[in-house]
Amino acid sequence: MAEHMRSSSTTVRFLAWLPLAALAIFILTPLLSSLTYSFFRSDGSFTTSGLTGLADSGKIIAPLTRSLIVSVLAVVVLVLTLVPAVVAVHLWAPRLRSLLSVLCTLPLVVPAIAIVAGLSAVLRSLASHGRGSLGMEINTLLQNQDLPLVLVGTYVVLCLPFTFRSIDAGLSTLPLRTLYESSSILGAGLWTTLWRAVIPNIRGPVMFSAFFTFALSIAEYTVAATLSINTLPVFLNTLSSTNFRGSITLSVLLNLTTWLLLASATISASRFGHRTSPDEPAPAPSRKEAAIS
């Protein structure tokens, strides 16, 4: 009887791990194949010709720099606008929380190609006013190849559904009203309270939002290609016609970078998302703090 139960539990464990093993094979097989093709010749010798070709041409520098700048700006704009907005709704307009949730979730149900199609129509409408007009100046500013602000705004919108849920869930676990009133009594302003009392308690959601936004922005292709802006993924697509091994190598590195960023987002959300609850004892003061007190 005991042997039969042990056999049954072993079978259950095997069946539980089987879908994970199948998923790992499904994901890792094309990645390992791409790595093999990128860094090994047909005779099995190791090669870095793909990376060397990219470095020697120098054509990758401009799209890589452009993608990094756009990704960093998207992170900064998203955090600086979304966190104060969600905090304000939690503090002063809790009835608008459901409305804000619906608005931030809309990009999840609208395809990216539909968003960029509407955006293209708006940009064409601005440019139709003619050279020298305000609309044309705005259109030129938004689509500047050196700093395409239109991509920054679009990536912020695309990341809203996921980052809003993370930040909103983090704030829901805080006694936000108590933190704000206590900080106000001590003489701190709104921005001081936000920076020194609120954000340290939601480091996990904020870091998740930053890593997720950067990962999506640096790997996004549809919007940039439709707007004819040469970012790193667009450059990767055009590179395949002239340097196929280099394009595969760059694709593998971009995929690994994106996975690393998403893993960092998940780890930071779980590691820094813990907050000391009122029932937990406060940490003991250090010797320096005890001496000062």
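Preceding block: the structure.
Here we summarise the structure given alongside this text. (Residues numbered from 1 in each chain as written. Predicted model: local features only at pLDDT ≥ 70, side-chain atom pairs only at ≥ 80, totals over all residues. Heavy atoms only, no water.)

Looking at unusual backbone geometry
With the exception of glycine, most residues fall at negative phi, and the peptide bonds are largely trans.
Part 1 of the reasoning: For serine 228, which is not glycine, the phi torsion reads 60° and is therefore positive.
Part 2 of the reasoning: Position of serine 228 relative to the elements: it lies in the loop between α11 (222-226) and α12 (232-239). (Helix = DSSP H or I, 4+ residues; strand = E, 2+ residues; numbered from the N terminus.)

Regarding the nonpolar core
Part 1 of the reasoning: Among the nonpolar cores identified, the biggest contains 51 residues, and Leu82, Val83, Val87, Leu151, Tyr155, Leu171 and Leu227 are the most heavily contacted of them.
Part 2 of the reasoning: Sequence-distant contacts of leucine 227, defined by excluding residues within four places in its chain, comprise Val116, Leu119, Ser120, Leu123, Gln143, Val150 and Leu151. (Core = buried A, V, L, I, M, F, W, Y, C linked by side-chain atoms within 4.5 Å. Buried < 20%, exposed > 50% of the residue type's maximum accessible area, 1.4 Å probe, protein only. Contact = heavy atoms within 4.5 Å.)

Considering the packing of helix α3 (residues 61-92) against helix α4 (residues 97-109)
Geometry of a packed helix pair, given as the angle between the helix axes and the separation of the axes.
Part 1 of the reasoning: Two numbers describe how α3 lies on α4: the axes approach to 9 Å, and their chain directions differ by 150°. With respect to their mutual orientation, α3 and α4 come out roughly antiparallel. Side by side, α3 and α4 meet where Leu82, Ala85, Val86, Val89 and His90 of the first sit next to Arg97, Leu100 and Cys104 of the second. (Axes fitted to C-alpha atoms, helices over the stretch in contact; angles between N-to-C directions. Parallel < 35°, antiparallel > 145°, perpendicular 65-115°, else oblique.)

Let's talk about the pattern of salt bridges
Part 1 of the reasoning: According to the stated counting rule, one finds one salt bridge in the structure shown.
Part 2 of the reasoning: Across the pair arginine 97 and aspartate 168 runs a salt bridge whose closest N-O atoms are separated by 2.9 Å. In this pair, arginine 97 is assigned in helix α4 and aspartate 168 in helix α7 (residues 149-172), connecting sequence segments 71 residues apart.
Part 3 of the reasoning: Residue aspartate 168 is classed as buried on the basis of its relative accessible area, which comes to 8%. (Salt bridge = Lys/Arg side-chain N within 4 Å of Asp/Glu carboxyl O.)

Thoughts on the packing of aromatic side chains
Part 1 of the reasoning: By the definition in use, this model includes three aromatic pairs.
Part 2 of the reasoning: Between tryptophan 92 and tyrosine 180, the aromatic rings sit 5.6 Å apart at their centres with planes inclined by 90°, giving edge-to-face as the arrangement. Residue tryptophan 92 is located in helix α3, and its partner tyrosine 180 is located in helix α8 (residues 176-185); the two are separated by 88 residues in the primary sequence.
Part 3 of the reasoning: Judged by relative accessible area, which is 22%, tyrosine 180 ranks as partly exposed.
Part 4 of the reasoning: Within the aromatic cluster, the residues linked to one another by ring pairs are Phe162, Phe208 and Phe212. (Phe/Tyr/Trp six-rings, centres within 6.5 Å; stacked < 30°, edge-to-face > 60°.)

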